[in-house]
Amino acid sequence: MTTDTTSGTTTGATGRNRPAVLGGAPVFPDGLPLTRVRVPDREGLLGRLAGVLDSGMLTNGPTVRQLEEEAAALMRVPHVVAVSNCTAGLMLVLQAAGVDGRRPVLMPGFTFSATAHAAHWAGGSPLFAEAREQDVTLDPADAEARLKAADSPAAMMATHVYGTPCQTEELQRIADAAGVPLVYDAAHGLGSARRGVPVGGFGLAEVFSMSPTKVAVAGEGGLVATRDAALAETLRTARDYGNPGDYDTLFPGLNARMSELHAAVGLTWLAGLPERVAHRGALVAEFARAAAGVPGLRLALPEEGDTSTFKDLTLILDAGAFGLDNRQLAAALKAEGVDTRRYFFPPVHRQKSYAHLGQAEELPRTDRLAASVLTVPLWSHMDAATVRRVADAVVRVQPFAAEVAAVVGTAAGRV
Ligand SMILES: *Cc1c(COP(=O)(O)O)cnc(C)c1O
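Note that this is a predicted model, so its numbers are computed, not measured.

*Asks:* Would you mind going over the overall build of the chain with me for this structure?
*Replies:* For the chain, the count of helices and strands is 15 helices and 12 strands. At 23 Å, the chain has a C-alpha radius of gyration in line with the 22 Å of a compact globule built from 415 residues. Residues classed as buried in the chain amount to 54% of the 415 residues present. Per element, the accessible surface of the chain, about 16,800 Å² overall, is 54% carbon and sulfur.

*Asks:* Could you clarify how one ought to interpret the environment of Gly-222 in this entry?
*Replies:* Among the secondary structure elements, Gly-222 is positioned in strand β9 (residues 222–226). Considered as a pair, Gly-222 and Leu-90 are 132 residues apart in the sequence and their alpha carbons are 9.3 Å apart. If we skip the residues at most four places from it in the chain, Gly-222 touches Val-81, Ala-82, Val-83, Ser-84, Asn-85, Cys-86, Phe-208, Ser-209, Met-210 and Met-258.

*Asks:* How should I be thinking about the sheet that holds strand β4 (residues 155–159) in this particular structure?
*Replies:* Note: strands within a sheet are paired through backbone hydrogen bonds, in either parallel or antiparallel orientation. Strands sit in the order β1-β9-β8-β5-β4-β2-β3 across an open sheet of 7 strands; the sheet is mixed. With one partner strand each, in any of the chains shown, β1 (79–83) and β3 (125–129) form the two edges of the open sheet. On average, adjacent strands in this sheet sit at an angle of 25° to one another, irrespective of strand direction. Sitting on the sheet, helix α5 (residues 113–121) touches β2 (104–108), β3, β4 and β5 (182–185), and the angle it makes with β2 is about 175°. Sitting on the sheet, helix α6 (residues 140–149) touches β2, β3 and β4, and the angle it makes with β3 is about 135°.

*Asks:* What is the right way to read the UniProt feature "modified residue: N6-(pyridoxal phosphate)lysine" (unreviewed entry) in the chain from this model?
*Replies:* UniProt's entry tags Lys-214 with the feature "modified residue: N6-(pyridoxal phosphate)lysine" (unreviewed entry), counted in the numbering of this structure. Inspection of the secondary structure assignment puts Lys-214 in the loop between β8 (205–209) and β9. Residues within four places of Lys-214 in sequence aside, it is in contact with Ala-187, His-188, Ser-209 and Lys-311.

*Asks:* Would you mind showing me how to read the site of the ligand here?
*Replies:* Of all residues adjacent to the ligand, which total 13 residues, the nearest are Thr-87, Asp-185, His-188, Ser-209 and Lys-214. Measuring from an oxygen atom of the ligand, one finds a side-chain N or O atom of Lys-214 at 3.1 Å. For the ligand, whose accessible area on its own is 390 Å², the fraction buried by protein is 90%. Split by residue class, the shell around the ligand holds 4 nonpolar, 7 polar and 2 charged.

*Asks:* I would appreciate a short explanation of the packing of aromatic side chains in the present structure.
*Replies:* One pair of aromatic rings is described through two measures. These are the centre distance and the angle between the planes. As enumerated under the stated definition, the model contains 6 aromatic pairs in all. Pairing Phe-128 with Tyr-354 gives two aromatic rings, centres 5.9 Å apart and planes at 70°, and the pair type is edge-to-face. With a gap of 226 residues between them, Phe-128 in strand β3 and Tyr-354 in the loop between α12 (326–336) and α13 (364–370) connect regions that are remote in the sequence. Both rings, one in Tyr-343 and one in Phe-344, keep their centres 5.7 Å apart while their planes meet at 35°; by these two values the pair is tilted. On the accessibility criterion, Phe-344 (6% relative accessible area) is buried.

*Asks:* Sorry, what's going on with the pattern of salt bridges here?
*Replies:* A side chain with one charge can pair with a side chain of the opposite charge if their charged atoms come near. Per the counting criterion, the structure on display carries 26 salt bridges. One network of salt bridges, in which partners are shared, links Arg-132, Asp-135, Glu-169, Arg-194, Arg-195, Glu-303 and Asp-306.

*Asks:* Would you mind showing me how to read a nonpolar patch on the surface here?
*Replies:* Residues Leu-53, Leu-58 and Leu-261 make up a contiguous nonpolar surface patch of about 250 Å² in total accessible area. Following the sequence through the fold, Leu-53 ends up in helix α2 (residues 42–55).

*Asks:* Looking at this structure, I do not really get the nonpolar core. What am I missing?
*Replies:* Soluble, globular proteins show a tendency: their nonpolar side chains are buried together. Core analysis: the largest hydrophobic core is formed by 39 residues, its most contacted members being Phe-287, Leu-329 and Val-404. The greatest single-element share of this core, amounting to 6 residues, is contributed by helix α14 (residues 384–397). Residues contacting Phe-287, with those up to four places away along its chain left out, are Leu-299, Leu-313, Leu-315, Val-376, Val-387, Val-390, Ala-391 and Val-394. Counting 33 residues, the second-largest nonpolar core is a separate cluster that includes Cys-86, Met-107, Phe-128 and Val-183.

*Asks:* Is there a simple way to explain the pairing of β8 in this structure?
*Replies:* Both faces of the sheet carry side chains from a regular strand, because those side chains alternate between them. With 5 of 5 residues buried, β8 is to be regarded as a mostly interior element. Neither face of β8 is open: one carries Ala-205, Val-207 and Ser-209, the other Glu-206 and Phe-208, and all of them are buried. Taken together, the 3 bridges between β5 and β8 define a ladder with parallel strand orientation. Residue Asp-185 lies in a different strand from β8, and its bridge partner there is Val-207. One ladder, built from 4 bridges, connects β8 with β9; its direction is antiparallel. Bridging from a neighbouring strand, Phe-208 pairs with Leu-223 of β9.

*Asks:* It is not clear to me how the side chain of Arg-280 should be interpreted in this structure. Could you clarify?
*Replies:* In this fold, Arg-280 is placed in helix α10 (residues 273–290). Reaching out from Arg-280, the side chain makes a polar contact with the side chain of Ser-380 at a distance of 2.9 Å. Discounting chain neighbours no more than four positions away, the residues touching Arg-280 are Val-215, Thr-309, Phe-310, Lys-311, Leu-378, Trp-379 and Ser-380.

*Asks:* Just to check I follow, could you spell out unusual backbone geometry for this structure?
*Replies:* For residues besides glycine, phi is generally negative; the peptide bonds are generally trans as well. The linkage connecting Tyr-343 with the following residue, Phe-344, adopts the cis geometry, with an omega of 5°. With respect to the helices and strands, Phe-344 occurs in the loop between α12 and α13. The omega torsion of the bond from Phe-345 to Pro-346 falls at -5°, within 30 degrees of zero and hence cis. By the secondary structure assignment, Pro-346 is in the loop between α12 and α13. Not every positive phi belongs to a glycine, and Asn-60 is a case in point at roughly 50°. The topology assignment puts Asn-60 in the loop between α2 and α3 (62–75). Even without a glycine there, the phi angle at Arg-102 is positive, about 55°.

Quick notes on the rules
- Residues numbered from 1 in each chain as written.
- Predicted model: local features only at pLDDT ≥ 70, side-chain atom pairs only at ≥ 80, totals over all residues.
- Heavy atoms only, no water.
- Helix = DSSP H or I, 4+ residues; strand = E, 2+ residues; numbered from the N terminus.
- Rg over C-alpha atoms; globule rule 2.2 N^0.38 Å.
- Buried < 20%, exposed > 50% of the residue type's maximum accessible area, 1.4 Å probe, protein only.
- Areas by Shrake-Rupley, 256 points an atom, 1.4 Å probe, with all protein chains shown as cover.
- Contact = heavy atoms within 4.5 Å.
- Pairing = 2+ DSSP bridges.
- Axes fitted to C-alpha atoms, helices over the stretch in contact; angles between N-to-C directions.
- UniProt positions renumbered as here; feature names shortened; annotations may be inferred.
- Near = heavy atom within 4 Å.
- Polar contact = N/O pair within 3.5 Å; in protein donor to acceptor, adjacent residues only side chain to side chain.
- Nonpolar A, V, L, I, M, F, W, Y, C, P; charged D, E, K, R; others polar.
- Phe/Tyr/Trp six-rings, centres within 6.5 Å; stacked < 30°, edge-to-face > 60°.
- Salt bridge = Lys/Arg side-chain N within 4 Å of Asp/Glu carboxyl O.
- Patch = residues over 30% accessible without salt bridge, like charges linked within 9 Å, V, L, I, M, F, W, Y side chains within 5 Å.
- Core = buried A, V, L, I, M, F, W, Y, C linked by side-chain atoms within 4.5 Å.

Here it is as C-alpha cells:
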C-alpha cells in the first residue's frame, strides 16, 4: 500500500476525521438513503382516500379533475391532462404530434431511458444530441446541427434534468426553424421555473412524473401540461384507448388513465409544493456553502434567476482535480453510510436498447459528463444539519483522495 505524504502528515492531526473507508467513524452509522418518501399530510390524505372509496368512482373522476385544475393553476397553463405515468404521457403527446415511420426524434443522450423509450413506442427513432457542460441539459447548438442533418425529423425533446430548466428560448427557436414540435420531458420539473415562468407552458407540451422518486408524488402518475386546447382534447381521448365516448376509437390509444386513488395522493403532494421546492433550494445552497473550495467539485445548478426543484442534488467531479472519480467517491461515501446514484449512467445513447442506432461513439461530452456525476441524498423534509453532514462526508474524503483510491481501486482494477 502506498503512503501519501500529505495525508500521512495530516492523519495524526485530523485522525478523528479520517474517512470511514480508511477506518474513521462513518458520518451516518445508520445509513442515509438517496430519497425518503414522507406523506406531507397523512390525515388529509386518509380523508381524501375515504372520500374516493365512498364515492364508488375509482378512476378518472372528480379527484383527477381537481388534480388537473390545481396543477394547471400552479403551472399557469390552461390545460393539464393527468395520465398513468410520465412515459405514457410522452408516448401519447408524441403520437398526437405526428411522430411516425421511425422518423428521428431529437433528444439528449443525457436523460433517463424513458425519454427515448417513449419516442420508440410512439413510432419514432431517437436521435441523440449532446449535453451542455454547465448544467447537463440539452445543448442547443449541437441539437440544431443534428436536426439540420437529420432526414425528415419528426420532433424534438428536451429534459429538465434534475429540475434544471432547459434553454427554452433557444430550443424553441431551433424547433421552429426545423418545423418540428418541441416536447419537454419535465419528469423532474414540477415546481421549476425558467426566468420566473413556471415549467409547464414551454414547447407544445411538458410531461411530468409523479412516481415516488420525484418531488411531487402520486404513487404512480403523470401530468401533461399544454397551452394547446386541441392537443389536450386529443390526449383525453388518447388516455382512454382513443375512445371518444362511443367506442368507435379514433386512433390506437392506450389505457393511460390516472386512478382517483392516485389523484388523491397527488393532490396531497401538490399542496405546499412551492414551499418544499424552496426548502430544497435552500438545502442545496447549504451544501454548496459547506463544500465550497473543494478542488474538482461542482454542482449541477440552474442559471441565475431560474428555479430548480432539485429533484436530485448532483455533484459533477473533475476526477483529475478531486483525486477520485465518481465511482471511487461513491465507494468512499458508501463507507460513510451515504447512498448515491450515478444519474444518468450509462447515458441512453450507450444503452443496449439503442445500440442498433450506432450513436454510441457520437457524444463524447455526454460520455465524460455521465462518467463525472454523482447524485447524493436530498429530500423535502431533510434538515440543514443533515445536508451539511452529507457535504462533510464528501469534503472529508478529498484530502485523502490518494489513499482512498488505493483502497477502493481504480476504474480499471475495480470489480
Ligand atoms: C422518472 C422519469 C421518467 C419516467 O416517469 P414515469 O412516471 O415513471 O413514467 C421519464 N423521464 C425522466 C427524466 C425521469 O426521471
